[in-house]
Amino acid sequence: MELEFEKWENGQWFVILPDYDGDQEDLEMVDGADTLLDFLTEDGLYVTVEVSLEEEEGYSILKLAAHDEIGGTHQVENMDGFSNDVWLCNVVHYLYGEHPEVIYFKTV
């Protein structure tokens, strides 16, 4: 699945999910996810990421380290130059029905 992200003029990153019927603020990327997107983007404004729950060669890994009622902290693996933790809110449940233990990803 491809996910698109855009950075607004105020510096906030958001995932673009047109069918999501919750609040826009739910889609903001914060607490390390924004830093990861800054790392991945080439133009500073947009990035498209291919994500999978199946192991894929050449993909980086978001490994769930902790989860609570509002989201999960992930450790990034297999990505040279980036070692920060990334927090993802439970909008991940909207995409997958749960918070997967491992998410594989790469930029497109």
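The structure presented is a predicted model; accordingly, all values stated were derived computationally and were not measured.

### Here's the deal with the side chain of Ser60
Inspection of the secondary structure assignment puts Ser60 in strand β5 (residues 60–67). Within the structure, Ser60 has its side chain in polar contact with the backbone oxygen of Asn78 (distance 2.9 Å). Residues within four places of Ser60 in sequence aside, it is in contact with Glu77, Asn78, Met79, Ile103, Tyr104 and Phe105.

### Describing helix α1 (residues 33–40)
Looking at α1, one finds that the buried residues are Ala33, Leu36, Leu37 and Leu40. Around the axis of α1, the buried residues are gathered within 100° of arc, so they sit on the same side.

### Focus on the sheet that holds strand β1 (residues 2–7)
Strand order in this open sheet of 8 strands is β3-β2-β1-β4-β8-β5-β6-β7, and the pairing throughout is antiparallel. Where the open sheet ends on each side, the last strands, each with one partner, are β3 (28–29) and β7 (85–89).

Cut-offs applied
- Residues numbered from 1 in each chain as written.
- Predicted model: local features only at pLDDT ≥ 70, side-chain atom pairs only at ≥ 80, totals over all residues.
- Heavy atoms only, no water.
- Helix = DSSP H or I, 4+ residues; strand = E, 2+ residues; numbered from the N terminus.
- Polar contact = N/O pair within 3.5 Å; in protein donor to acceptor, adjacent residues only side chain to side chain.
- Contact = heavy atoms within 4.5 Å.
- Buried < 20%, exposed > 50% of the residue type's maximum accessible area, 1.4 Å probe, protein only.
- Arc of directions from axis to C-beta.
- Pairing = 2+ DSSP bridges.

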